[in-house]
Amino acid sequence: MATISDVAARAGVSTATVSRALNGKATVDRDLAARVRRAAEELGYQPNGPARNLRRQEAAVVALIISDVENPFFTAIARGVEDVAHEVGYSVVLCNSDESAEKENRYIDVAIQERVAGVILSPSGTTTSVEKLASRGTAFVAVDRPLPEQDSDVVLVDTRLAAKQATAHLIAQGYQRIGCITGPIGVRTADDRLAGYRDALKAARLRSTTKLVRRTEYKAAGAHRAAQDLLAQAEPPDALLVANSAMAVGVLQALQERGIRPGRDVGIVAFDDAPWAELVDPPLSVVAQPAYEIGTVAARLLLARITDNTRPATTTTLAARLIERGSSHHG
């Protein structure tokens, strides 16, 4: 069995150079790299088992690139990823892309430079900076949003159906003018939640009007402005579907400032069951997403792909659950 030292001796270079040359490092002179590869072939040198699993000396590290760690939905995903990775001796590094394609791209570059074993990401918008990962054969899995144009493992929630069910619930409660505050155009979950809202109005033969829809970043401040704007109209909505829990904070604040009571005056259902949702008065009706499970499923898929990157791509779609509380009842 030839060793790295044998290859180094035969090519007349150091073992470090052999290692760099065989890992395809750009820092090695082209002719030198060819000489090392020839020596390795002639000797039948095989980088050894366990280190081979850490191909190209990958670090036992997984990069998790999410849009916003302050959003409890992503915090729970991170926890799920970490718990599974930790069990098998992998560490997780956390990166916030802040819905910025540029920031996401920079983190992917760092992940490649640091030779992480794999990447889990919630892709920002329609960017495909993951092509770099694919072309390098680095394992990756997408969560919460599909990757455009990429054949990869994806773990999603059926968020359009959940939005439809939540809106149908508001309609069944007797609310007539239902509004929707959702995330930015082009963010898949925001588009899906709006589509689900419209599906429910259509199914109930209610007219959908852009006057009742507002789009803003997935944050409290934007949703606060959006709610103020909607409620100030001559014909304000009598119910709102709100696309995430940070937004719900902004909406509840706007209602409070106007002396409007959730449920009795304006029905509310928000995505994501934050810990505080049951503590507000009345308690907040929510669409609970299985965020922790998204993280554990994604981490298991990634570990399987680190072991064998030729596996066929899979899409896992998990269901969300409507939890009816006081904020969506006229009571």
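Use the structure listed above.
Residues numbered from 1 in each chain as written. Predicted model: local features only at pLDDT ≥ 70, side-chain atom pairs only at ≥ 80, totals over all residues. Heavy atoms only, no water.

How two helices sit against one another is set out by the angle between their axes and by the gap between those axes. For the pair helix α1 (residues 4-11) and helix α3 (residues 30-43), the least separation of the axes is 9 Å and the interaxial angle reads 125°. Regarding the angle of α1 to α3, the classification is oblique. Crossing angle aside, the handedness with which α1 passes α3 is right-handed. Contacts between α1 and α3 pair D6, V7, R10 and A11 from the former with R35, V36, A39, A40, E42 and L43 from the latter. Split by residue class, the contact of α1 with α3 holds 6 nonpolar, no polar and 4 charged. (Axes fitted to C-alpha atoms, helices over the stretch in contact; angles between N-to-C directions. Helix = DSSP H or I, 4+ residues; strand = E, 2+ residues; numbered from the N terminus. Parallel < 35°, antiparallel > 145°, perpendicular 65-115°, else oblique. Left-handed = near helix turned anticlockwise from the far one by under 90°. Contact = heavy atoms within 4.5 Å. Nonpolar A, V, L, I, M, F, W, Y, C, P; charged D, E, K, R; others polar.)

Between α1 and helix α2 (residues 15-22), the least distance of the axes is 8 Å, while the angle of their chain directions is 95°. Considering the angle they form, α1 stands roughly perpendicular to α2. Mapping the contact onto sequence places I4, S5, V7 and A8 in α1 and T15, V18 and S19 in α2. Split into classes, the residues belonging to the contact of α1 with α2 amount to 4 nonpolar, 3 polar and no charged.

Next up on the list: the sheet that holds strand β6 (residues 178-182). Two orientations exist for strands paired in a sheet by backbone hydrogen bonds: parallel and antiparallel. The 6 strands are arranged β7-β6-β8-β9-β10-β12 in an open sheet whose pairing can be described as mixed. At either margin of the open sheet sits one strand with a lone partner, and together these are β7 (213-215) and β12 (321-323). Along the sheet, successive strands turn relative to each other by an average axial angle of 15°, direction set aside. Note that β6 and β7 share 3 bridges and pair parallel. Paired with T182 across the strands is R215, a residue of β7. In the packing of helix α11 (residues 245-257) onto the sheet, the strands contacted are β6, β8 (239-242) and β9 (267-271), and the crossing angle to β9 comes to about 155°. (Pairing = 2+ DSSP bridges.)

Scanning the entire structure with this criterion turns up 1 aromatic pair. Judged by centre distance (5.1 Å) and plane angle (70°), the rings of F73 and F74 are edge-to-face. No difference in accessibility class separates F73 from F74, as the two residues are buried. Across the ring face of F271, the terminal group of R193 is positioned such that the distance to the ring centre comes to 4.3 Å. (Phe/Tyr/Trp six-rings, centres within 6.5 Å; stacked < 30°, edge-to-face > 60°. Buried < 20%, exposed > 50% of the residue type's maximum accessible area, 1.4 Å probe, protein only. Lys NZ or Arg CZ within 6 Å of the ring centre and 35° of its normal.)

Reading across from one edge, β2-β1-β3-β4-β5-β11 is the order of the 6 strands in this open sheet, with parallel pairing throughout. Edge positions in the open sheet fall to β2 (91-96) and β11 (315-318), since each of these has one partner strand only. Neighbour-to-neighbour, the strand axes of the sheet open up by a mean angle of 15°, direction not taken into account. Summarising the sheet, strand β4 (residues 139-143) and strand β5 (residues 153-157) pair through 3 bridges and their orientation is parallel.

By the element assignment, S285 lies in strand β10 (residues 285-288). Engagement of the side chain of S285 in a polar contact is seen with the backbone nitrogen of R325, the distance being 2.7 Å. Once residues within four sequence positions are removed from consideration, S285 is found in contact with I268, V269, A270, I323, E324, R325, G326, S327 and S328. (Polar contact = N/O pair within 3.5 Å; in protein donor to acceptor, adjacent residues only side chain to side chain.)

With that settled, the discussion passes to the environment of S328. Structurally, S328 can be placed in the segment after β12. Judged by relative accessible area, S328 falls into the buried class, the value being 0%. In this structure, the C-alpha to C-alpha distance between S328 and P237, residues 91 residues apart in sequence, is 13 Å. Those residues in contact with S328 that lie beyond four places of it in its chain are H169, L170, Q173, Y175, G263, G267, I268, V269 and S285. In terms of polar contacts, S328 uses its side chain to reach the side chain of H169, at 2.6 Å.

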